[in-house]
Amino acid sequence: MHGENFLPTTSASQQECLFCDFANGKQGPPPVLEVQTDEYVIFKDKSPAATYHYLAIPKQHFDSFNALNKSHIGLVLRMESGMVELLKSKNVDPSKAIIGFHIPPFISVKHLHLHGIYPPSEMSIWNRINFMSSFWFKTARDANEALELREL
Ligand SMILES: [Zn+2]
Ligand SMILES: [Zn+2]
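Residues numbered from 1 in each chain as written. Chains lettered and ligands numbered in written order. Predicted model: local features only at pLDDT ≥ 70, side-chain atom pairs only at ≥ 80, totals over all residues.

**As for the nonpolar core**
Step number 1: Of all hydrophobic cores here, the largest spans 30 residues; its most connected members are Ile42, Leu55, Ala56, Ile57, Met83 and Leu114.
Step number 2: Listed by contribution, the elements that provide at least two residues to this core are β2 (40-44), β3 (52-58), α2 (73-89), β4 (98-102), β5 (114-118) and α4 (140-148).
Step number 3: Apart from the residues within four sequence positions on either side, leucine 55 is in contact with Ile42, Phe43, Asp45, His113, Leu114 and His115. (Core = buried A, V, L, I, M, F, W, Y, C linked by C-beta atoms within 7 Å. Buried ≥ 20, exposed ≤ 12 C-beta atoms within 10 Å, placed from the backbone. Helix = DSSP H or I, 4+ residues; strand = E, 2+ residues; numbered from the N terminus. Contact = placed C-beta atoms within 7 Å.)

**Things to note about the packing of α2 against α4**
Step number 1: Running from N to C, α2 and α4 point in directions that differ by 170 degrees, and their axes come no closer than 10 Å. Between α2 and α4, the crossing angle belongs to the class labelled roughly antiparallel. Along the contact surface, α2 presents Ile73, Val76, Leu77 and Glu80, while α4 presents Ala140, Ala143, Asn144 and Leu147.
Step number 2: Of the residues contributing to the contact of α2 with α4, the split by class is six nonpolar, one polar and one charged. (Axes fitted to C-alpha atoms, helices over the stretch in contact; angles between N-to-C directions. Parallel < 35°, antiparallel > 145°, perpendicular 65-115°, else oblique. Nonpolar A, V, L, I, M, F, W, Y, C, P; charged D, E, K, R; others polar.)

**Quick look at the pairing of β5**
Step number 1: Of all five residues that make up β5, five are buried, and the element is covered over most of its length.
Step number 2: Because side chains alternate across β5, one face comprises the buried residues Leu114, Gly116 and Tyr118, and the other comprises His115 and Ile117, equally buried.
Step number 3: Bridge analysis of β3 against β5 gives five bridges, and the strand direction is antiparallel. When the bridges of β5 are listed, tyrosine 52 appears paired with tyrosine 118.
Step number 4: In terms of strand pairing, β4 meets β5 through three bridges, oriented antiparallel. Within β5, the residue paired with glycine 100 across the bridge is histidine 115. (Pairing = 2+ DSSP bridges.)

Structure (structure tokens):
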């Protein structure tokens, strides 16, 4: 009833996107970047759902997974493989991790982010629901299948 609902929607511009700042190294204090490429960065989630919980975000701003189409499959694949490699470097078996995207309106931050979480056994009931494969959370594989069907 209060707060954010009353903010004019025009104020939520890209210039004020915290994740854009993180990805492009503007303003501080940014999170420690575990991985940094020309296209995306990966850092630890600030409220982790388990011991290992990372977010991969593109440097380019997309509101969410719904802003992507077929032409972004390569980007998504590279973000995924960056996540997989990071998990391996932490001695985590990526096939046992949860890797995927939230689907609007079930998103907490309006900048595309890929979650990588391990181990699922540490997650609260709420987080198990929040990150289970569903219409609000797409695993990386489902994400790519969905993009295949989205024309440019
Ligand atoms: Zn952004
Ligand atoms: Zn999310």
